[in-house]
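For reference, the chains in residue letters:
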Amino acid sequence: VDEEYILDRFNLAGLNTEVPHYQMALDLITDCLEEEIEQNQWDELNNIAKHLYGLIHARFVLTNKGTAMMADKMRRKEFGTCPRVFCEDQPVLPVGLTDLVGQKGVKVYCPRCEDVYHPPSKKLSTVDGAFFTSSLPHLVLQMYPNLVPKKNPDRYIPKIFGFRVHSIANEHRWQDQIKEDLLKKKNLMMAEE
Ligand SMILES: [Zn+2]
């Protein structure tokens with residue numbers, strides 16, 4: 001997050017009710033902590049600061065500057081590329097499946113196949129999805145339409161020995177039906193005799 005953004009108190013309005021020891025956590029983030037802290041309190045404050053930073057991050061990424069930074073990172077493939085073969089290394093963007101903190105880790109969204117995947121980087125996968133919000137990729141692509149890729153109409157077709165699996169299955173069903181019909185006919189003829 002841009003430091004300027006954090007230092008502007010207006011941007012953080014309301015966050016003081018979201019975490020305990022708000023001021024100390026904020027001081028820790030901005031490197032202004034002057035109070036002496038005991039070791040056992042240190043871990044707790046560290047966790048609170050991480051949580052608060054995540055909440056600030058969730059707000060920041062949706063600002064003009066935030067979306068611009070995300071668009072840049074996408075161009076540089078910093079969030080990785082879509083694992084789907086037909087998406088041809090399409091750069092992805094981070095997305096939360098929910099805006100509620102503590103539910104799910106961040107996923108990546110591919111604008112070509114319009115699906116979500118587990119992030120390729122271990123580091124990214126440990127981040128809370130809500131800290132990126134469920135809106136981020138869609139907002140970025142709306143603001144930077146040149147980042148919206150052309151759709152690839154190619155689809156993978158399941159085949160066995162070169163035949164489409166579906167046509168083989170249909171063929172088998174058709175053969176079974178004929179066999180059954182022949183058996184019925186045979187039985188009828190034998191009964192008539
Ligand atoms: Zn894709």
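Just above sits the structure.
The following refers to the structure shown.

Cut-offs and rules
Residues numbered from 1 in each chain as written. Predicted model: local features only at pLDDT ≥ 70, side-chain atom pairs only at ≥ 80, totals over all residues. Heavy atoms only, no water. Buried < 20%, exposed > 50% of the residue type's maximum accessible area, 1.4 Å probe, protein only. Helix = DSSP H or I, 4+ residues; strand = E, 2+ residues; numbered from the N terminus. Donors = N, O, S within 2.8 Å, 3.2 Å for Na, K, Ca; no water. Tetrahedral: all angles 85-135°; square planar, octahedral: opposite > 155°, others 65-115°. Pairing = 2+ DSSP bridges. Axes fitted to C-alpha atoms, helices over the stretch in contact; angles between N-to-C directions. Contact = heavy atoms within 4.5 Å. Expected span 1.5 Å × (residues − 1). Arc of directions from axis to C-beta. Salt bridge = Lys/Arg side-chain N within 4 Å of Asp/Glu carboxyl O.

To continue, consider helix H2 (residues 22-29). For H2, the full list of buried residues reads Tyr22, Ala25, Leu26 and Asp27. The positive-phi residue at the C-terminal boundary of H2 is aspartate 31, with phi of around 65 degrees.

Around the zinc ion, the donor atoms from the protein are Cys82 (SG), Cys87 (SG), Cys110 (SG) and Cys113 (SG), and they sit 2.3 Å away. Coordination geometry of the zinc ion: the four donor atoms subtend angles of 104 to 115 degrees at the metal centre, consistent with an arrangement described as tetrahedral. Donor residues binding the zinc ion come from one chain and are separated in sequence as C-x4-C-x22-C-x2-C. Of this pair, cysteine 87 sits in the loop between helix H4 (64-75) and strand S1 (93-95) while cysteine 110 sits in strand S2 (residues 107-110); the two residues are 23 residues apart in sequence, bridging distant segments of the chain. With relative accessibility at 0%, the residue cysteine 87 sits in the buried group.

So, about the sheet that holds S1. On the basis of which strands lie adjacent, the open sheet formed by three strands has the order S1-S2-S3 and antiparallel pairing. At either end of the open sheet lies a strand with only one pairing partner, and these are S1 and strand S3 (115-117). Sheet twist, expressed as the mean angle between neighbouring strand axes with direction ignored, is 45 degrees. Direction of pairing for S2 relative to S3: antiparallel, over a ladder of three bridges. Note on S3: the bridge partner recorded for tyrosine 109 is valine 116. Along the sheet, helix H6 (residues 136-143) contacts S1 and S2; its crossing angle with S1, the most-contacted strand, is approximately 140 degrees.

Okay, H4 next. Count 3.6 residues to each turn of an α-helix, and residues three or four apart come out pointing the same way. If you check H4, its first and last C-alpha atoms are 17 Å apart, about what 12 residues at 1.5 Å a residue would give, namely 16 Å. Considered for burial, the residues of H4 that qualify are Gly66, Thr67, Met70, Ala71 and Met74. All buried residues of H4 lie within an arc of 135 degrees about the axis, which places them on one face of the element. Against helix H3 (39-60), S1 and H6 lie the buried residues of H4. Among the residues trailing H4, lysine 77 stands out with phi positive, at a value near 60 degrees.

A word on the pattern of salt bridges. Inspection of the entire model under this criterion finds six salt bridges. Aspartate 2 is the salt-bridge partner of lysine 65, the closest N and O atoms lying 2.8 Å from each other. Highlighted residues: lysine 65 in helix H4 and aspartate 2 in the segment before helix H1 (3-7), separated in sequence by 63 residues. Measuring nitrogen to oxygen at the nearest pair gives 3.4 Å for the salt bridge that ties lysine 73 to glutamate 78. Given a relative accessible area of 26%, lysine 73 falls into the partly exposed group. A cluster of three or more residues bridged by salt bridges with shared partners is formed by Lys73, Arg76 and Glu78.

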